[in-house]
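# Observations on the three-dimensional arrangement
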Amino acid sequence: MNKAIQIGVISLFSASSLSLAACAAPAREDAGISIETTGATSASATGTFVVSEGLSQPTPPTRILDEAAARRLLGAKGATLQWISWERRGSVNARMEDGVLRLTAVQSEEGGPGRLYLDGYVSEIGADYFTFEGRIRLADTPHIGRLCERDKSWRFAVTQNRPYWRLREFEWCDYLTDYVDIYW
């Protein structure tokens with residue numbers, strides 16, 4: 001089965017190369033295709049294009065093994081990375097969308113370039129853990145130029161009755177230990 005998506009701009013440089021210059025968004029029913037020629041060997045196109053269904057799989061519903069833990073995560077009060085601050089928490093947006101618990105979190109260094117970013121969904125949540133599928137990105141912390149970014153399956157867990165879930169992979173990027181916490 002094919003699926004239509006809307007692309008902002010596509011640049012065609014030759015018959016053998018294609019470069020995307022914008023991100024995909026859901027297609028509108030009334031969207032068409034327009035192509036502008038900008039030279040003998042290049043053109044721009046915007047509109048609806050058909051791509052293979054296999055490129056985008058639907059997200060399965062979150063497996064909730066503990067309702068109280070799911071409620072705590074949906075009411076999360078902040079996110080921290082110790083290099084940025086434990087006192088000034090970043091924001092967390094946990095929400096249910098079509099049976100999927102989606103999670104986005106951001107923490108920014110006050111007056112500095114350091115950033116923590118999480119974006120993805122929770123595939124399973126139990127009494128003292130959850131499994132996060134998505135991207136974690138650390139930038140310019142604890143020093144400018146450090147960049148750690150990965151899309152994968154991550155495990156967060158509560159230990160020693162603390163009021164947060166901590167990422168259980170501490171040295172996933174380089175030799176530094178990173179404590180990423182989500183507070184309830």
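Up top is the structure.
A few points on the structure. Source: prediction; values computed, not measured.

Rules used in this analysis
Residues numbered from 1 in each chain as written. Predicted model: local features only at pLDDT ≥ 70, side-chain atom pairs only at ≥ 80, totals over all residues. Heavy atoms only, no water. Helix = DSSP H or I, 4+ residues; strand = E, 2+ residues; numbered from the N terminus. Buried < 20%, exposed > 50% of the residue type's maximum accessible area, 1.4 Å probe, protein only. Contact = heavy atoms within 4.5 Å. Salt bridge = Lys/Arg side-chain N within 4 Å of Asp/Glu carboxyl O. Pairing = 2+ DSSP bridges. Phe/Tyr/Trp six-rings, centres within 6.5 Å; stacked < 30°, edge-to-face > 60°.

### Overview of the overall build of the chain
When helices and strands are counted, the chain shows one helix and 14 strands. Sorting the 184 residues of the chain into buried and exposed places 36% on the buried side. Restricting the contact set of the chain to residue pairs at least 6 apart, pairs at least 24 apart contribute 46%.

### A closer look at the pattern of salt bridges
Pairing is possible between side chains of opposite charge, provided their charged atoms come close. Tallying each qualifying case throughout the model produces 11 salt bridges. A salt bridge links E110 to R88, with the shortest nitrogen-to-oxygen separation between them at 3.9 Å. With a gap of 22 residues between them, E110 in the loop between β9 (100–108) and β10 (115–126) and R88 in the loop between β7 (78–81) and β8 (91–97) connect regions that are remote in the sequence. The partner of D181 in a salt bridge is R166, and the shortest N-O contact between them spans 2.7 Å. Taken together, the positions of D181 in strand β14 (residues 180–183) and R166 in strand β13 (residues 164–167) put the pair 15 residues apart, joining distant regions of the chain. Of the two residues, D181 and R166, neither departs from the other in class, the shared state being buried. One salt-bridge network, held together by shared partners, links R135, R137, E149 and D151.

### Side note on the pairing of β14
A two-sided burial pattern is seen for β14, the buried positions comprising V180 and I182 on one face and D181 and Y183 on the other. Sheet analysis places β7 next to β14, joined by four bridges and oriented antiparallel. The residue of β14 that forms the bridge with A79 is I182. Taken together, the three bridges between β13 and β14 define a ladder with antiparallel strand orientation. Opposite Y164, over in β14, you have Y183 as the bridge partner.

### Things to note about the packing of aromatic side chains
One pass over the structure, following the stated rule, counts eight aromatic pairs. Relative to Y179, the ring of F170 lies with its centre 5.6 Å away and its plane at 65°, an arrangement referred to as edge-to-face. By relative accessible area, which is 25% here, F170 ends up partly exposed. By relative accessible area, Y179 is classed as partly exposed at 28%.

### Quick notes on the pairing of strand β11 (residues 129–139)
Burial of β11 is extensive: nine of the 11 residues sit out of reach of the surface. Joining the antiparallel neighbours β10 and β11 is a turn of two residues. When β11 meets strand β12 (residues 147–157), the two strands line up antiparallel, connected through 11 bridges. Directly across from Y129, in β12, lies its bridge partner A157.

### With respect to the environment of P61
Assignment of secondary structure puts P61 in the loop between β5 (43–52) and β6 (63–64). Excluding residues that lie within four positions of it along the chain, P61 makes contacts with G99, V100 and S123.

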